[in-house]
Amino acid sequence: MTFDYAPAPESRSVVDIAPSYGLFIDGEFVDPIDGATFKTVNPATEEALAEVTEAGPLDVDRAVRAARTAYRTTWSRMPGSERAKYLYRIARLIQERSRELAVLETLDNGKPIRESRDVDIPLAAAHFFYHAGWADKLEYAGYGTRAYGVAGQVIPWNFPLLMLAWKIAPALACGNTVVLKPAETTPLTALAFADICRQADLPPGVVNIVTGDGATGRALVEHPDVDKVAFTGSTEVGRQIQRAVAGTRKGLTLELGGKAANIVFDDAPLDEAVEGVVNGIFFNQGHVCCAGSRLLVQESVADEVLDALKRRLSTLRLGDPLDKNTDVGAINSAEQRARIEELVRAGDDEGAERWSAACALPERGWWFPPTVFTGVTQAHRIAREEIFGPVLAVLTFRTPDEAVEKANNTPFGLSAGVWSEKGSRTLWMASRLRAGVIWANTFNRFDPAAPFGGYKESGFGREGGRQGLAAYLRTEG
Amino acid sequence: MDARLEVRKTYKLFVGGAFPRSESGRTYAVTDAKGKFLANASLASRKDARDAVRAARSAQGAWWGATAYNRGQVLYRIAEVMEGRRAQFEEEVARAEGISARRAASQVDLSIDRWVWYAGWSDKIAQVLGSSNPVAGPYFTFSVPEPTGVVAAIAPERSSLLGLVSVVAPIIVSGNACIVIPSLSRPLPAIALAEVLATSDLPGGVVNILTGRAAEMGPWLASHADVNALDLTGVDDDGLATEMEFAAAETITRVLVPPRKAPDWAEQPGLDRLRFFVETTTVWHPIGV
Amino acid sequence: MTATEARIDGVPARMSEVAESDARLRRLLHGLPGVDQVGAEARAAMLATRSVKAASKEQALDLAISMVDLTTLEGMDTPGKVRALCSKGLRPDPTDPTVPAVAAICVYGDMAALAREAVGDRLHVAAVATAFPSGRASLAVKLQDTADAVANGADEIDMVIDRGAFLAGRYLEVFEEIVAVKQACGAAHLKVIFETGELRTYDNVRRASWLAMLAGADFIKTSTGKVSPAATPPVTLVLLEAVRDWFRETGVRVGVKPAGGIRTAKDAIRYLVMVKETCGDAWLTPDLFRFGASSLLNDLLLQRQRMLTGHYSGPDYVTMD
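Residues numbered from 1 in each chain as written. Chains lettered and ligands numbered in written order. Predicted model: local features only at pLDDT ≥ 70, side-chain atom pairs only at ≥ 80, totals over all residues.

1. Describing the overall build of chain C
1) Next: Counting secondary structure elements, chain C contains 14 helices and eight strands.
2) Next: For chain C, whose C-alpha radius of gyration is 19 Å, the value lies close to the compact-globule estimate of 20 Å for 321 residues.
3) Next: Counting only C-alpha atoms and orienting by the principal axes, one finds that chain C spans roughly 60 × 45 × 30 Å. (Helix = DSSP H or I, 4+ residues; strand = E, 2+ residues; numbered from the N terminus. Rg over C-alpha atoms; globule rule 2.2 N^0.38 Å.)

2. Thoughts on the overall build of chain A
1) Next: Scanning chain A from N- to C-terminus turns up 15 helices and 18 strands.
2) Next: Computed over the C-alpha atoms, the radius of gyration of chain A is 22 Å, within 12% of the 23 Å expected from 2.2 N^0.38 for a compact globule of 477 residues.
3) Next: Each principal axis of the C-alpha atoms in chain A carries an extent, and together these give about 65 × 50 × 40 Å.
4) Next: Across the 477 residues that make up chain A, the buried fraction comes to 64%.
5) Next: Looking at chain A alone, contacts between residues at least 24 apart form 72% of all its contacts between residues at least 6 apart. (Buried ≥ 20, exposed ≤ 12 C-beta atoms within 10 Å, placed from the backbone. Contact = placed C-beta atoms within 7 Å.)

3. A closer look at the pairing of strand E6 (residues 177-181) of chain B
All names here are of chain B.
1) Next: Most of E6 is tucked away: five of the five residues are buried.
2) Next: Burial along E6 is two-sided: the residues Ala-177, Ile-179 and Ile-181 and Cys-178 and Val-180 are all buried.
3) Next: Strand direction decides the pairing type here: E6 and strand E7 (residues 207-209), joined by three bridges, are parallel. Bridge pairing in E7 links Cys-178 to Val-207.
4) Next: Crossover E6 to E7 through helix H7 (residues 188-197) is right-handed. (Pairing = 2+ DSSP bridges. Right-handed = clockwise from strand over helix to strand, strands pointing away.)

4. Structural notes on the nonpolar core
1) Next: One finds Leu87(A), Ile263(A), Val168(B), Cys178(B) and Val180(B) to be the most contacted residues of the largest nonpolar core, which totals 265 residues.
2) Next: Considering every element that reaches this core, the biggest residue donor is helix H5 (residues 160-173) of chain A, with eleven residues.
3) Next: A domain split of this core shows at least three residues from each of domain 1 (12-256 + 456-472) and domain 2 (261-440) of chain A.
4) Next: Excluding residues that lie within four positions of it along the chain, Cys178(B) makes contacts with Ala56(B), Val151(B), Ala153(B), Val168(B), Ile171(B), Ile172(B), Val207(B) and Asn208(B). (Core = buried A, V, L, I, M, F, W, Y, C linked by C-beta atoms within 7 Å. Domains from an automatic or database assignment.)

5. Quick notes on the domain arrangement of chain A
All names here are of chain A.
1) Next: When its domains are assigned, chain A resolves into domain 1 (12-256 + 456-472) and domain 2 (261-440).
2) Next: Placing the centre of domain 1 and that of domain 2 at their C-alpha centroids yields a distance of 30 Å.
3) Next: At the level of elements, helix H3 (98-109) and helix H4 (113-134) are the ones that each hand at least two residues to the side of domain 1 that touches domain 2.
4) Next: Broken down by element, the residue count for the side of domain 1 that touches domain 2 peaks at three residues, all from H4.

6. Here we look at the interface of chain A and chain C
1) Next: The partner chain C presents 25 residues to the 21 residues of chain A that form the contact.
2) Next: The element that contributes the greatest number of residues to the side of chain A that touches chain C is helix H9 (residues 270-282) of chain A, accounting for five residues.
3) Next: A class-by-class count of the residues in the side of chain A that touches chain C yields eight nonpolar, six polar and seven charged. (Nonpolar A, V, L, I, M, F, W, Y, C, P; charged D, E, K, R; others polar.)

7. As for helix H13 (residues 265-279) of chain C
Residue and element names in this part refer to chain C.
1) Next: Its 15 residues place the ends of H13 21 Å apart at the C-alpha level, agreeing with the 21 Å of an ideal helix rising 1.5 Å per residue.
2) Next: In terms of burial, H13 is largely enclosed, as twelve of its 15 residues are buried.
3) Next: All of the buried residues along H13 are Ala-265, Ala-268, Ile-269, Arg-270, Tyr-271, Leu-272, Val-273, Met-274, Val-275, Lys-276, Thr-278 and Cys-279.
4) Next: Count one or two residues on from H13 and you reach Gly-280, which has phi positive near 90°. (Expected span 1.5 Å × (residues − 1).)

8. Overview of the pairing of strand E4 (residues 36-42) of chain A
Residues and elements named next belong to chain A.
1) Next: Relative to strand E5 (residues 47-54), E4 runs antiparallel, the two being bridged by seven bridges. Across the sheet, Ala-36 pairs through a bridge with Glu-54, a residue of E5.
2) Next: Count of turn residues in the E4/E5 antiparallel hairpin: four residues, of which Glu-46 carries a positive phi of about 65°.

9. Some points on the confidence of the model for chain C
Residue and element names in this part refer to chain C.
1) Next: Of the residues in chain C, 97% reach a pLDDT of 70 or more, and the chain-wide mean stands at 94.
2) Next: Contacts of residues 1-7 to residues separated by more than four positions or lying in other chains number twelve contacts, the stretch itself having pLDDT below 50.
3) Next: Interface scoring of the predicted complex returns ipTM 0.97; its pTM is 0.96. (pLDDT = per-residue confidence, 0-100.)

10. Thoughts on the interface of chain B and chain A
1) Next: Taken together, the contact pairs 30 residues of chain B with 38 residues of chain A.
2) Next: Contributing elements (two or more residues each) for the side of chain B that touches chain A: strand E4 (139-147), helix H9 (238-248) and strand E10 (278-286) of chain B.
3) Next: The leading source of residues in the side of chain B that touches chain A is E10(B), at eight residues.
4) Next: A class-by-class count of the residues in the side of chain B that touches chain A yields 13 nonpolar, eleven polar and six charged.
5) Next: The sheet contact formed by strand E17 (residues 437-440) of chain A and E10(B) spans three bridges and is parallel. Paired with Val437(A) across the strands is Thr282(B), a residue of E10(B).

11. Points about the sheet that holds strand E9 (residues 254-256) of chain B
Residues and elements named next belong to chain B.
1) Next: Here five strands make up an open sheet; going across it, the order is E7-E6-E5-E8-E9 and the pairing parallel. Looking at the sheet topology across the chains shown, the edges are occupied by E7 and E9. In this sheet, adjacent strand axes meet at a mean angle of 15° when their direction is disregarded.
2) Next: Contacting strand E5 (150-154), E6 and E7, helix H1 (residues 46-65) crosses the sheet at an angle of about 150° to E6. (Axes fitted to C-alpha atoms, helices over the stretch in contact; angles between N-to-C directions.)

12. Here's the deal with the environment of Ile331(A)
All names here are of chain A.
1) Next: Note that Ile-331 resides in the loop between helix H10 (302-313) and helix H11 (334-349).
2) Next: For the pair Ile-331 and Lys-111, spaced 220 residues apart in the sequence, the C-alpha separation amounts to 8.0 Å.
3) Next: Non-local contacts of Ile-331, meaning those with residues more than four positions away in its chain, are made with Pro-43, Gly-110, Gln-285, Gln-336, Arg-337, Ile-340, Trp-366, Trp-367, Phe-368 and Gly-389.

13. Focus: H10(A)
All names here are of chain A.
1) Next: With twelve residues, H10 extends 16 Å between its outermost C-alpha atoms, agreeing within 8% with the 16 Å of an ideal straight helix rising 1.5 Å per residue.
2) Next: Along H10, the residues that are buried comprise Val-305, Ala-308, Leu-309 and Leu-313. Around the axis of H10, the buried residues are gathered within 135° of arc, so they sit on the same side. Looking at H10, the residues exposed on the side facing more than 90 degrees away from the buried face are Asp-303 and Asp-307.
3) Next: Structurally, H10 contributes buried residues whose contacts are with strand E11 (261-264), H9, strand E12 (294-298) and strand E14 (371-374). (Arc of directions from axis to C-beta.)

14. Notes on unusual backbone geometry
1) Next: Cis rather than trans, the peptide bond between Phe132(C) and Pro133(C) has omega equal to 0°.
2) Next: With respect to the secondary-structure elements, Pro133(C) resides in the loop between strand E3 (124-128) and helix H7 (139-151).
3) Next: Across the junction of Ser228(C) and Pro229(C), the peptide omega takes the value 0°, indicating a cis bond.
4) Next: At Asp201(B), a residue that is not glycine, the phi angle is positive and equals roughly 70°.
5) Next: For Asp201(B), the position within the fold is in the loop between H7 and E7.
6) Next: Among the residues examined, Asp201(B) registers 13 C-beta atoms within 10 Å and is labelled partly exposed.
7) Next: Of note, Ala131(C) is a non-glycine position whose phi angle comes to about 60°, a positive value.
8) Next: Note on placement: Ala131(C) falls in the loop between E3 and H7.
9) Next: Judged by the 16 C-beta atoms lying within 10 Å of it, Ala131(C) falls in the partly exposed class.

15. With respect to the packing of H4(A) against H5(A)
Residues and elements named next belong to chain A.
1) Next: Contact geometry for H4 and H5: axes closest at 9 Å, N-to-C directions at 5°. One element, H4, and the other, H5, form an angle in the roughly parallel class. Contacts from Asp-120, Ile-121, Leu-123, Ala-124, His-127, Phe-128, His-131, Ala-132 and Trp-134 of H4 reach H5 at Leu-161, Leu-162, Ala-165, Trp-166, Ala-169, Pro-170 and Ala-173.
2) Next: Considered class by class, the residues forming the contact of H4 with H5 number 13 nonpolar, two polar and one charged. (Parallel < 35°, antiparallel > 145°, perpendicular 65-115°, else oblique.)

16. Remarks on the environment of Val15(B)
All names here are of chain B.
1) Next: Mapping Val-15 onto the fold places it in the segment before strand E1 (27-31).
2) Next: Residues Val-15 and Thr-67, 52 residues apart in the sequence, show an inter-C-alpha distance of 23 Å.
3) Next: The residues touching Val-15, leaving out its near neighbours within four places in the chain, are Pro-20, Asp-48, Asp-51, Ala-52, Ala-55 and Asn-208.

17. Notes on the packing of H5(A) against helix H6 (residues 188-199) of chain A
Residue and element names in this part refer to chain A.
1) Next: Following both chains from N to C, one finds H5 and H6 inclined at 50°, their axes separated by 8 Å at the closest point. Judged by the inter-axis angle, H5 sits oblique to H6. Judged by the twist between their axes, the crossing of H5 over H6 is right-handed. Between H5, through Pro-160, Leu-161 and Leu-164, and H6, the contact on the second element is made entirely by Thr-189, Ala-190 and Phe-193.
2) Next: Class assignment of the residues belonging to the contact of H5 with H6 gives a composition of five nonpolar, one polar and no charged. (Left-handed = near helix turned anticlockwise from the far one by under 90°.)

Rendered as structure tokens:
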């Protein structure tokens, strides 16, 4: 006797997607001046969800001017305690509309509803709650109280609303106004957030949302009246942005790519370690900058861990992201899937051994099965380049020194995982790993109170915690 | 009458704790504020910069690995040794900057005191910049500042000693190693400082001093993949600053851009400079039985 | 007779060799991977989010009913109470013959004969023994308790381990006691109760699981139901991981029985999800998974009626015995 899980789809009826969206500028949705339109698509079905505006340079200029005016006339004059109340209101509205936002996120991004419901949306609300409290306590944080002015923010498609919260909450708390560009493929929750700003009666122009692709982002970053640029995305685009702001004196923080090592010692709590490895790389289809994409496992337990890992991966449920029992959703775009496929081919060509969980891929939409490469060395492309997909490269090590050396041997430095029951060694590792976040006996945990950000080519600046406020306050005299 | 012929000093570079000449063999004439010849200084090349980065990288791990208490002791020792040689520094600064003996003495006082101020910071940085993070879950989470790594700095052109100390001390106190290009026109106090550093228990390579042209070495340092951060405080040329910022982007090197107006180095520094050259690492660990 | 000679079928000699001293047992048990509390609880919580609806829920409800060890373990138990329980176990819903019978009736040893008489060979009769629930008696008394229950017709014995000895590190003593009780069971199946609420840590639960399996347990069971906390999802997860790993090591499938505190159909289904995703479908049988429960059965029946009729049922529509 057995039982299987019947389909358990979350209802779409909670969302009301408009056929088309304008830009959110100065407190209202407006038609573009020089923009075009594009369609945003459900990656699980390839169904067009809505027509969205691609803001042109004049539209961006209009948004920046609205933000400047709001900064000058309203937001910079408002006491922190009042700013705080707006942020609290927004936090509450996100909670109240959480189910709608979760479904919207899953439709537009392809991530499982379990993740958008249990991770993205609650954390987005938590970020507004956390930062609301800072708005009238900045003088205690140690970075002064001077806002930059207008912040231009560009965010990625992997955690659309959560990344928006990471950007907008601290910016507003510190007294900045913002123009935010969501990712081209995932604009819908940002547009829903615009509506939340209206519901919160946030003064017009304090938050402006301009949708579009890289060209829109470039226009925003290069706009001369933007005082501060914050970007989360690929290292390549981060590099272009850093070049673009050279010589401008704009504030800049970058949260870029990663190639994190998840290090499993032979004395690890193995069942939880396997869960952590799975969560580290297959959470959100591996579309996570801090994903544990390199498993460094001590040679003495490598076979045991790999067996357990494969067994565990065979129970992962891939499919309809709206199904409450789905563990692995759709790849966000055809482009991204092509990128994953290219690197997987490189792994094959370079002689690594590929294993994929047996799972039927839906016919429509973009999918990739959870995949593990063994026999990988540091020289392989799949061990060096960020894949940003559900692909794990497995390497082995013999000693703690070797683990540190291999973990640090990358231009990135965003995160790392250490699995061991020996506290002294864990602390030893933590002090030697060159990474901004170190998860010991856990992985992919996020909290608004915990600073997040990278070393080296993973970017600079922190988001979250007291330290994250520095990104939105002018510290120089 | 002066019967004895003065023994003149040769001013060399300071790299990896040693005093090499420039690999290029080049020197340049250094004059005092009135244009009188003082000495020849080494004119460092991009290859010297490369060697200095290598020296800094190999020194940085152990310097960061030392205890904060130990780093504080070393910085304090620098102050002690400078105090013992203050006459030399007063003379070098007076000649270099063309200021009175009294004002030069004041610059030296401030420089020594600056080392003392930063020495005291070594074991307080983590307490002031770090945190324990009250996350919503059963995890012990803390954030600690760690050094960025290897920092290339351009020291101020005018403030030959105090400006230099004010740039170098906040970089190294947290465990970074640095390559610093001192004032081009007033480099001699920097070499005097190097002689102090060499005898102050500071591990070789933690501070490397390259006399020469920022315009020549700067872009190489900026684009060097093993340099983690740049301090452009002494870059007066906007074009050069932009060029270096642009080059730094290649490996996402952190850049402290030149100040909008020349700083008054006599003022008490805040924490901004020190903070710019640390990274924050956040560590999570479950709490359970 | 030494412990080693007392080896039970299916436990390889190489594994039973460790049972020669406390020190060797300790090395084995403490060499097991640790259990990270937060991680284990997070995994159990994640599995609890599985949504089991429609046809799969119908299947799960019937499966759960068939896994119930319908239990009464009270000082006030009477023959009438036990007989009523037996008839409930045989026909959980008198109005609906499609409802499966439960797996077993679980009683004190002195009631075993009565239960056996009532159910014949249609249900298993499980008896708690070994000075249940505290386990504080001499070995001789415990063995006599076991023998009595078997003689009274119990074909399953639920024994308690000596938690005092376990916590004091006298692993060999615990091991030998289980081996001796197993001997006394004869053909009856042995379920070994750890009272996980007293072992306190998941590391201890994992060690106790391996100790019991080494000694020949047919089932490992969380709790007596007399100590709080009794069964919890994460504790059961640790037991399931142990039997899964034991199977990989020895080829022998050991059963798991969470007991105490499982009262709702929703909870029961969450346990089944955990079994399915930890051990696989092979464990989804009353031979390898049981619920030690009393009030759970009625909630399973109410949910079943709700599924069949399409409206919510009420407590007056299930029998209260």
